[in-house]
Amino acid sequence: MKDISIKQDGNGYGINADEVFWVKQNIIDKKDLRLSVDEEIVCDLLGAMVAETIPPSRVSVLDAYYINMDEKDGRGYKTEKAVQVRGTEVISNQFLYIIDEIKKIFFERDHTIIQHILGQRVYRGPRYFQSLFLSLHELLIKEMKIADYNQVYEKLHNIAERTMIISKGGGAWSAKDKIDVVTKTAAILKPAFTERTEKDPMHYSYATEITLLKQSKTENTQYDFKQGIYDLVSGKRNDRLINKIFKTLTAMGNSEKML
């Protein structure tokens, strides 16, 4: 536990909170990280990804994703059905893909995501990040891709003053205001995008997931790396390793408890 605990002061054991993506990019602060605000943001974004229209942001909406799952008119029931129809793997792949594209846009830049969007130094801006994420979701998942990352970065500079206008303070964030911000932001960014061709790969990038694997301090029953299916010198296939891979996959498939 000491290796995966979050440390606040940069000293001692555990994960350095200042280096966590959400804190490093000024999306939330270190106190928010301990309160699991990053998990609330992810829940909010995933809910918007599978909903017919972008829902509002408030505590009651987050709670509704997990309760009254048998009520057909309830948010939890509708969300669960939408997830089942699309598939958890597809949704997860799309989420990680958008996160990776955001990281590419801001790779080795002088400003954090929130600093760049607001044009000033601030310490947190979760709603601006959500607006960016959902705007990219609107473009990327509709068969488009980024043609010019530098252009996207330039268009995002100080965009909060012109387009991504979000009311100050906390409290509820209405669906109408969210949709308005996302629609306008997507329109501003669209010239830096191009149509996706049939030869383009699926909506997925492994960068974020590989990073998570590298940082993980605990074992996971669903991950296992095998090296050497083909000999790098002779090119000969290692059939013994292939048999072992199938045995490992079978063990993974049987790792969950059966009812």
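Residues numbered from 1 in each chain as written. Predicted model: local features only at pLDDT ≥ 70, side-chain atom pairs only at ≥ 80, totals over all residues. Heavy atoms only, no water.

## Points about the overall build of the protein
- When you go through the protein residue by residue, the secondary structure sums to twelve helices and four strands.
- Each of the 259 residues in the protein was classed as buried or not, and the buried ones make up 39%.
- Within the protein, contacts between residues separated by at least 24 positions form 66% of all contacts whose residues are at least 6 apart in sequence. (Helix = DSSP H or I, 4+ residues; strand = E, 2+ residues; numbered from the N terminus. Buried < 20%, exposed > 50% of the residue type's maximum accessible area, 1.4 Å probe, protein only. Contact = heavy atoms within 4.5 Å.)

## Focus: unusual backbone geometry
- A positive phi angle, close to 55°, is found at Glu-108, a residue other than glycine.
- Within the secondary structure, Glu-108 is located in the loop between helix H6 (88-105) and helix H7 (113-118).
- Take Glu-108: its relative accessible area is 69%, and that puts it in the exposed class.

## Observations regarding the environment of Gln-130
- Within the secondary structure, Gln-130 sits in helix H8 (residues 126-140).
- Take Gln-130: its relative accessible area is 5%, and that puts it in the buried class.
- Sequence separation of Gln-130 and Val-42 is 88 residues, and the distance between their C-alpha atoms is 9.1 Å.
- Sequence-distant contacts of Gln-130, defined by excluding residues within four places in its chain, comprise Ile-41, Asp-44, Leu-45, Ser-57, Trp-173 and Lys-178.

## Some points on the packing of aromatic side chains
- One pass over the structure, following the stated rule, counts six aromatic pairs.
- For the ring pair Phe-21 and Trp-22, a centre distance of 5.4 Å and an interplane angle of 80° mean the geometry is edge-to-face. Taken individually, Phe-21 and Trp-22 each receive the classification buried, so the pair is uniform in this respect.
- A centroid spacing of 6.0 Å and a plane angle of 70° characterise the contact between Phe-21 and Phe-129, whose relative ring orientation is edge-to-face. Placement of Phe-21 in helix H1 (residues 21-24) and of Phe-129 in helix H8 is noted, with a sequence separation of 108 residues between them.
- Given the relative accessible area of 19%, Phe-21 is considered buried.
- When its relative accessible area of 0% is taken as the criterion, Phe-129 is described as buried.
- Here a set of aromatic residues connected by ring pairs shows up, and it is made of Phe-21, Trp-22, Phe-95, Phe-129 and Phe-133.
- Directly above the aromatic system of Phe-21 lies the positively charged group of Lys-103, at a separation of 5.4 Å from the ring centroid.
- Between Arg-109 and the ring centre of Tyr-153, over which it is positioned, the NZ or CZ distance is 4.1 Å. (Phe/Tyr/Trp six-rings, centres within 6.5 Å; stacked < 30°, edge-to-face > 60°. Lys NZ or Arg CZ within 6 Å of the ring centre and 35° of its normal.)

## Some words on the nonpolar core
- In terms of nonpolar packing, the biggest core is built from 55 residues, with Ile-102, Ile-113, Phe-129, Leu-132, Phe-133, Leu-136 and Phe-193 touching the most fellow members.
- Elements with a contribution of two residues or more to this core: H1, helix H3 (37-50), H6, H7, H8, strand S3 (144-146), helix H9 (149-156) and helix H10 (175-189).
- Ignoring any residue separated from it by four or fewer positions in sequence, one finds Ile-113 in contact with Phe-21, Gln-25, Ile-102, Phe-106, Phe-129 and Leu-132. (Core = buried A, V, L, I, M, F, W, Y, C linked by side-chain atoms within 4.5 Å.)

## Here we look at helix H5 (residues 75-86)
- Taking 1.5 Å per residue, twelve residues should reach 16 Å; H5 reaches 16 Å between its end C-alpha atoms and fits that length.
- Listed as buried for H5 are Gly-76, Thr-79 and Ala-82. Seen from one end, H5 has its buried residues packed into an arc of 130°, which puts them on one side.
- Next to the buried residues of H5 lie H3 and helix H4 (59-64).
- Within two residues after H5, Gly-87 carries a phi angle of roughly 95°, on the positive side. (Expected span 1.5 Å × (residues − 1). Arc of directions from axis to C-beta.)

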